[in-house]
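Summary of the model geometry
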Amino acid sequence: MKTISENRCFGGVQGVYSHGSQATGGEMTFGLFLPEEAETGAVPVIWYLSGLTCTHENAMVKAGAQRWAAEMGVALVFPDTSPRGEGVANDPAYDLGQGAGFYVNATQEPWAPHFRMWDYVTEELPRVLFNSFPLAEEAQGITGHSMGGHGALTIAMSFPGRFRSVSAFAPICNPTASDWGRKQFTAYLGTDEAAWAPHDATLLMKKRGFDGPMLIDQGTADQFIDLLKPEALAGAMAERRQGGTFRMQKGYDHSYFFVASFMEEHIAFHAQALHG
């Protein structure tokens, strides 16, 4: 693992690191904020998964999360959204290829050799983190924005007991029924829609739900709301009688101004569950 940068931040340290990845077959970069408490012991950790076109850096510099994480004594992990580099497949469209990994393991060419973001985020990066930094493996929460909200919800529901809490900002809620999903799942996973179902938060909610607190915020002025399909997930939560909070925030769009506006509440939501 290489240290790219480390900066003092709200009493803690915001670091950026890279490492060789077996899952993606190349070098991967991630951000990690450690609060001051990490100097004396392991701290709870919140995963933040970013959306389309983003890298590890977007939320790290735009979301304003470090201030609240420092106040509440939790770490923040900012993974990248896809493999990158020479020899990694790409597409001219912003919503496929590099920057658009969708947190799945691709099975189709030309994506299969590198686009294994599910394994990277759920297996490999956790090993790197918990072996290298003072993080409490038993106290994890997960959140994300847009494509990252999709990833956070599907991962949380797929690993019962791993995450104490899950939240999302404007997540892609029902990708098997949306152009933000059907296009990418066809490219990455093929035409058999049975292979898509494990990566659809609405379908997973109906099948499994989440054994813990949930918080979802969606802006009513989101320019992508028809692609996100929040009503599908809200309906599935009601049908399952899932405990949680689903908030439609009047006038907010899809931008990081929206994310930053509610970041304090999301960090506090996770901190309450993680400090338990």
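An account of the accompanying structure is given in this report. (Residues numbered from 1 in each chain as written. Predicted model: local features only at pLDDT ≥ 70, side-chain atom pairs only at ≥ 80, totals over all residues. Heavy atoms only, no water.)

1. Side note on the overall build of the protein chain
What the protein chain contains, in helices and strands, is nine helices and nine strands. Taking 2.2 N^0.38 as the reference for a compact globule, 276 residues should give roughly 19 Å; the C-alpha atoms of the protein chain span a radius of gyration of 17 Å, in line with that estimate. By principal-axis analysis of the C-alpha atoms, the protein chain measures approximately 50 × 45 × 35 Å. Here the protein chain holds 276 residues, and 59% of them are scored as buried. Of all intrachain contacts in the protein chain linking residues separated by at least 6 positions in sequence, the fraction that spans at least 24 positions is 72%. Carbon and sulfur atoms make up 48% of the accessible area of the protein chain, which totals about 11000 Å². (Helix = DSSP H or I, 4+ residues; strand = E, 2+ residues; numbered from the N terminus. Rg over C-alpha atoms; globule rule 2.2 N^0.38 Å. Buried < 20%, exposed > 50% of the residue type's maximum accessible area, 1.4 Å probe, protein only. Contact = heavy atoms within 4.5 Å. Areas by Shrake-Rupley, 256 points an atom, 1.4 Å probe, with all protein chains shown as cover.)

2. A look at the pattern of salt bridges
Per the counting criterion, the structure on display carries eight salt bridges. Residue Glu71 pairs with Arg67 through a salt bridge whose shortest N-O separation is 3.9 Å. Highlighted residues: Glu71 and Arg67, both in helix H2 (residues 65-72), separated by four residues, approximately one helical turn. Accessibility expressed as a relative area gives 55% for Glu71, which makes it exposed. The salt bridge involving Asp217 is made with Arg247; its shortest N-O contact spans 2.7 Å. In this pair, Asp217 is assigned in strand E8 (residues 214-219) and Arg247 in strand E9 (residues 245-249), connecting sequence segments 30 residues apart. For Asp217, a relative accessible area of 0% puts it in the buried group. Taking the relative accessible area as the measure of exposure, Arg247 reaches 22% and is therefore partly exposed. By sharing partners, the salt bridges in this structure join Asp217, Arg247 and Glu265 into a single network. (Salt bridge = Lys/Arg side-chain N within 4 Å of Asp/Glu carboxyl O.)

3. Some remarks on the packing of aromatic side chains
Within the structure shown, the criterion is met by 15 aromatic pairs. Ring centres of Trp180 and Phe224 lie 4.9 Å apart, and the angle between their planes is 35 degrees; on these two criteria the pair is classed as tilted. Within this pair, whereas Trp180 is found in helix H5 (residues 179-189), its partner Phe224 is found in the loop between E8 and helix H7 (225-228), the two being separated by 44 residues in sequence. Judged by relative accessible area, which is 4%, Trp180 ranks as buried. Measuring from centroid to centroid gives 6.1 Å for Tyr252 and Phe258, while their planes differ by 50 degrees, and the two rings are tilted. Members of the aromatic cluster, each reached through a chain of ring pairs, are Phe169, Tyr252, Phe258 and Phe262. (Phe/Tyr/Trp six-rings, centres within 6.5 Å; stacked < 30°, edge-to-face > 60°.)

4. Points about the state of the cysteines
Scanning the entire structure with this criterion turns up zero disulfides. Cys9 forms no disulfide, and the closest cysteine sulfur to it belongs to Cys54, at a distance of 19 Å. Looking at Cys9, the relative accessible area reads 16%, which means it is buried. Among the cysteines around Cys54, which has no disulfide bond, Cys173 carries the closest sulfur, lying 17 Å off. (Disulfide = S-S within 2.5 Å.)

5. So, the side chain of Ser50
The residue Ser50 is located in the loop between strand E4 (43-49) and helix H1 (57-62) in this model. Taking the relative accessible area as the measure of exposure, Ser50 reaches 2% and is therefore buried. Those residues in contact with Ser50 that sit more than four places away from it in its chain are Thr55, Ala59, Thr81, Tyr103, His145, Met147, Gly148 and Tyr256.

6. Some points on the environment of Gln272
Relative to the elements of secondary structure, Gln272 occurs in helix H9 (residues 256-275). The exposed category is assigned to Gln272, whose relative accessible area is 65%. Considered as a pair, Gln272 and Ser165 are 107 residues apart in the sequence and their alpha carbons are 9.2 Å apart.

7. A look at the sheet that holds strand E1 (residues 2-9)
The strand order across the open sheet built from nine strands is E1-E2-E3-E5-E4-E6-E7-E8-E9, with neighbouring strands paired in mixed fashion. Each of the sheet's edge strands pairs with one partner strand only, and the pair in question is E1 and E9. Each adjacent strand pair in this sheet contributes to an overall mean axis angle of 20 degrees, direction not counted. Alignment of E1 against strand E2 (residues 12-21), held across seven bridges, turns out to be antiparallel. Across the sheet, Arg8 pairs through a bridge with Val13, a residue of E2. Sheet strands in contact with H9 are E4, strand E5 (75-79), strand E6 (135-144), strand E7 (165-169), E8 and E9, and its direction is about 175 degrees off that of E7. (Pairing = 2+ DSSP bridges. Axes fitted to C-alpha atoms, helices over the stretch in contact; angles between N-to-C directions.)

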